[in-house]
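Now for the letters of each chain:
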Amino acid sequence: VVLLLATGLAMLLAVGFGAAPLGWHVMFALGVAMALVFAYVYVGLYPKLRADCAASAWPAAAQTLNRIRQMVALNLALGLAVVLAAVSAR
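Throughout this description, residue numbers start from 1 for each chain and increase along the sequence as written. The predicted origin of the model limits local features to residues at a pLDDT of at least 70 and limits the giving and counting of side-chain atom pairs to 80 or more, whereas totals for whole chains, interfaces and linings rest on all residues. The basis for every side-chain value is the complete set of heavy atoms in the structure, and neither hydrogens nor water enter the calculation.

(A) Representation of the packing of helix H1 (residues 2-15) against helix H2 (residues 22-54) in the model. For helices, the axis comes from a line fit to the C-alpha atoms of the stretch in contact; other axes are also lines fit to C-alpha atoms, and the angle between any two N-to-C directions lies between 0 and 180 degrees. Think of it this way: any DSSP run of H or I at least four residues long counts as a helix, any run of E at least two long counts as a strand, and we number them from the N terminus. Where H1 contacts H2, the two axes come as close as 10 Å, and the packing angle between them is 155 degrees. Here H2 runs roughly antiparallel to H1, going by the angle between their axes. Note that H1 runs across H2; the crossing there is left-handed. Across the interface between the two elements, Leu5, Gly8, Leu9, Met11, Leu12 and Val15 of H1 pack against Trp24, His25, Met27, Phe28, Gly31, Val32 and Ala35 of H2. By residue class, the composition of the contact of H1 with H2 is ten nonpolar, three polar and no charged. Reported orientations rely on four angle classes, namely roughly parallel under 35 degrees, roughly antiparallel over 145, roughly perpendicular from 65 to 115, and oblique for the rest. What makes a crossing left-handed is the near helix being turned counterclockwise from the far one by less than a right angle; a clockwise turn instead makes it right-handed. We call two residues in contact when some of their heavy atoms are within 4.5 Å. For this scheme, ten residues count as nonpolar: Ala, Val, Leu, Ile, Met, Phe, Trp, Tyr, Cys and Pro. Four count as charged, namely Asp, Glu, Lys and Arg, and the remainder, Gly too, count as polar.

In C-alpha cells:
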C-alpha cells in the first residue's frame, strides 16, 4: 500500500502537479482514500473482530464482519474508479 502511494506521488512530482493530467490527480486521491479504508479495516475493525471471536460474542462479531464486508465493497468500487481514471488519463 505504501509502495503504491509512493510511486503515485513520485509520478506526480516528476511531472509537476500543475502539468499532470486530471486523471493522475484522481488516481492519487482515490489511492489515498483506498489506503485509509484499508487502514481502518486493518487497525480498527479486524482487532475488534478477533476480540469478539475470542470472547465468543458472535452477534458482535457478525456486526463487525458485516462492516468489514462493506468497507471491502467500498474499496472495490474505489478501485474500479481508479481504473476509469487511469483510462481517462491517456
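There's plenty left to go through after this.
(B) How the structure looks around H1. Each helix should span, by expectation, one fewer than its residue count multiplied by 1.5 Å. For H1, which comprises 14 residues, the first-to-last C-alpha distance of 20 Å matches the rise-based estimate of 20 Å (1.5 Å per residue) to within 8%. Once H1 ends, the next one or two residues include Gly16, with phi positive near 105 degrees.

(C) View of the side chain of Asn75. One can find Asn75 in helix H3 (residues 58-88). For each residue, the accessible area found with a 1.4 Å probe, counting protein chains only, is set against the maximum for its type, and the residue is called buried under 20%, exposed over 50%, and partly exposed in between. Judged by its relative accessible area of 16%, Asn75 falls in the buried class. The contacts of Asn75, once residues within four sequence positions are left out, are Met34, Val37 and Phe38.

(D) Quick peek at the packing of H2 against H3. H3 packs onto H2 with a crossing angle of 165 degrees between their chain directions and a minimal axis gap of 9 Å. As summarised for this structure, H2 and H3 are arranged roughly antiparallel, according to the angle between their axes. The crossing of H2 and H3 is left-handed. Taken together, the residues of the contact of H2 with H3 break down into 25 nonpolar, five polar and three charged.

(E) Just the environment of Ala39, in detail. Structurally, Ala39 is set in helix H2. Accessibility expressed as a relative area gives 33% for Ala39, which makes it partly exposed. A C-alpha to C-alpha distance of 15 Å links Ala39 and Leu65, two positions 26 residues apart in sequence.

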